[in-house]
Amino acid sequence: MDLSPLALSVVVPMYNEEAVLPLLVARLRPVLDGLDLAAGYEVVCVDDGSTDLTAAVLERLRREWPEVRVVRLRMNAGHQAALSAGLAAARGDRVVSIDADLQDPPEVIPEMLAVADEQDADVVYGVRNDRSTDTWFKRTTATAFYWVIGRLTQGSARSQSGDFRLMSRALVDAVNGLPEPGRVIRFAVPALGFPSAAVEYRRERRGAGKAKYGLFDMVHLSLDSITGVSTAPLRVATFVGFFGGMLAVVAGVTSVVAHLVDRTMPGWTSTVAIVSGFSALQLLSLGILGEYIGRTYQYLQNRPTYVVDRDSYLEGLEAEEAAPTAVAATKTDEPTGRSQRPRTFLSS
Ligand code: UDP
Ligand code: MG
């Protein structure tokens, strides 16, 4: 097995994608083989604790396509964590992350590489110029989500750019070094400020199988994204509390004066309205606070975002160590800058 750095790693997080895998291979392999990379490439398939036949399909695939590398997580850790696992494992000089379901067309990869060369960019975002294949609900919520994020990050995050992107080794190392748990890679990357470029593409329909993101997952991702990119919501809570307090003072003074002048009995309706209104605001502020405290707590717990169960590349290395004679020459002949073994366990 070759220990020198590869030209390209393609990281594909997958969870129960047995149906789409053959279609993915049929489209991805010709593209990657066609690149004719002298230093070679790898396809890092991160099996995010799939419970269907994904693992078996990957094993078969690995025999047919030697560039396939399987990194299996012990249990389902979620799309972003699986992506983190893939980025940590990747050996390539450049890394492309892509969804398994063919919503991101693999044919765009050569264009990304060309743009990275031409513009000397560390990151080339895949930007969706057409989401007509997504449902109305997904499109509308996504637009609202990117609008909020855009406001919070003063536009540094690119709208309509998901997790289809090319990254340089330097950028991947920087992302791997980020300590935050629950990080949302697509917003962590622009925040690092590396030179960027973009390639537009049309978001396709899912090749096969079902979407893994339910409404609940989308809410989770949104909250992680917002608390990850900005603490502005905390300030919103403060401002709302401040203006709410002023309103309460005005309302209090008005009612006392009204009572003294008109001798009116204060109404039940206004009391209920004010009490419930302020309770709602308080709960909202508490909730926002809780989000950040939760994140801080997770950070302190320092539990790993994911745990790698097995990595076919490392298993290959171990097999070589057990029988060193066959490959000893290639190992010593090629001392490389990055030939040390990747960590099998990343506590991030
Ligand atoms: N995915 C994953 N772990 C999960 C959920 C999803 O690795 O817990 C993968 C999934 O297999 C796919 C990518 O993340 O390759 C995007 O998921 P999906 O297509 O379901 O999301 P959507 O396109 O609806 O945003
Ligand atoms: Mg999808």
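Use the structure listed above.
Residues numbered from 1 in each chain as written. Chains lettered and ligands numbered in written order. Predicted model: local features only at pLDDT ≥ 70, side-chain atom pairs only at ≥ 80, totals over all residues. Heavy atoms only, no water.

Draft legend 1. Structural detail: a nonpolar patch on the surface. A cluster of nonpolar residues, Val249, Val253, Val256, Val257, Leu260 and Val261, forms a patch on the protein surface that exposes about 560 Å² of accessible area. Residue position: Val257 is located in helix α9 (residues 232-262). Assessed through its relative accessible area of 45%, Val257 is described here as partly exposed. (Patch = residues over 30% accessible without salt bridge, like charges linked within 9 Å, V, L, I, M, F, W, Y side chains within 5 Å. Areas by Shrake-Rupley, 256 points an atom, 1.4 Å probe, with all protein chains shown as cover. Salt bridge = Lys/Arg side-chain N within 4 Å of Asp/Glu carboxyl O. Helix = DSSP H or I, 4+ residues; strand = E, 2+ residues; numbered from the N terminus. Buried < 20%, exposed > 50% of the residue type's maximum accessible area, 1.4 Å probe, protein only.)

Draft legend 2. Fine view of the sheet that holds strand β3 (residues 68-73). The strand order β7-β5-β6-β4-β1-β2-β3-β8 describes an open sheet built from eight strands, whose pairing is mixed. At either end of the open sheet lies a strand with only one pairing partner, and these are β7 (196-202) and β8 (308-311). For this sheet, the mean angle separating the axes of adjacent strands, direction not counted, is 20°. Sheet topology places strand β5 (residues 123-130) next to strand β6 (residues 161-168); four bridges connect them, and they run antiparallel. (Pairing = 2+ DSSP bridges. Axes fitted to C-alpha atoms, helices over the stretch in contact; angles between N-to-C directions.)

Draft legend 3. Seen up close, the environment of Trp65. Mapped onto the fold, Trp65 is located in the loop between α2 (54-64) and β3. Here Trp65 falls in the buried class, since its relative accessible area comes to 2%. Sequence spacing of Trp65 and Arg29 is 36 residues, and the spatial spacing of their C-alpha atoms is 8.6 Å. What Trp65 contacts, discounting residues up to four positions off in sequence, is Val25, Leu28, Arg29, Leu32, Tyr41 and Val43. (Contact = heavy atoms within 4.5 Å.)

Draft legend 4. Representation of the pairing of β6. Counting buried residues along β6, eight of its eight residues qualify, which places the element largely inside the surrounding structure. Bridge count for strand β4 (residues 92-97) against β6 is four bridges, and the pairing is antiparallel. For Val95, the partnering residue across the bridge sits in β6 and is Met167.

Draft legend 5. Quick look at the nonpolar core. In this structure, Ile109 and Val124 are the most contacted members of the largest nonpolar core, which totals 38 residues. Those elements that place two or more of their residues in this core are β1 (6-14), α1 (21-35), β2 (41-47), α2, β3, α4 (109-119), β6 and β7. Looking at this core element by element, the count peaks at six residues for α1. Leaving out residues up to four positions away in the same chain, Val124 has contacts with Met112, Val115, Ala116, Arg165, Leu166, Ala197, Ala198 and Val199. Listed in part, the 24 residues of the second largest apolar core include Val11, Val127, Val172 and Tyr306. (Core = buried A, V, L, I, M, F, W, Y, C linked by side-chain atoms within 4.5 Å.)

Draft legend 6. Expanded view of the coordination of the magnesium ion (ligand 2). Asp101 (OD) and Gln103 (OE1) make up the full set of protein donors to the magnesium ion (ligand 2), lying at 1.8 to 2.1 Å. Note on Asp101: relative accessible area 4%, which makes it buried. You can call Gln103 buried: its relative accessible area is 12%. (Donors = N, O, S within 2.8 Å, 3.2 Å for Na, K, Ca; no water.)

Draft legend 7. Just the side chain of Arg183, in detail. On the secondary structure map, Arg183 appears in the loop between α6 (169-176) and α7 (185-191). Side chain to side chain, Arg183 and Ser84 meet in a polar contact 3.3 Å long. A distance of 3.1 Å separates a polar atom in the side chain of Arg183 from the backbone oxygen of Val175. (Polar contact = N/O pair within 3.5 Å; in protein donor to acceptor, adjacent residues only side chain to side chain.)

Draft legend 8. Region of the structure containing the pattern of salt bridges. Across all of its chains, the model carries 20 salt bridges by this definition. The partner of Glu107 in a salt bridge is Arg27, with the nearest N and O atoms 2.8 Å apart. Placement of Glu107 in the loop between β4 and α4 and of Arg27 in helix α1 is noted, with a sequence separation of 80 residues between them. Here Glu315 ties to Arg310 by a salt bridge, and the two come within 2.8 Å at their closest N and O atoms. With a relative accessible area of 34%, Glu315 lands in the partly exposed category.

Draft legend 9. Region of the structure containing the site of ligand 1. Within the structure, ligand 1 sits among 19 residues, and Glu17, Asp48, Asp101, Gln103 and Lys212 are positioned closest to it. Between ligand 1 and Pro13 there is a distance of 2.8 Å, counted from an oxygen atom to a backbone nitrogen or oxygen. Across the complex, the protein chains shield 92% of the 530 Å² of accessible surface that ligand 1 would expose by itself. If you list the elements that add at least two residues to the shell around ligand 1, you get β1 and α3 (79-89). Tallied by class, the residues present in the shell around ligand 1 amount to seven nonpolar, four polar and eight charged. (Near = heavy atom within 4 Å. Nonpolar A, V, L, I, M, F, W, Y, C, P; charged D, E, K, R; others polar.)

Draft legend 10. The environment of Val123, seen in detail. Here Val123 shows up in strand β5. Separated by 71 residues in sequence, Val123 and Phe194 place their C-alpha atoms 7.0 Å apart. Aside from chain neighbours lying at most four places away, what touches Val123 is Arg165, Leu166, Met167, Leu171, Val189, Phe194, Pro195, Ser196 and Ala197.

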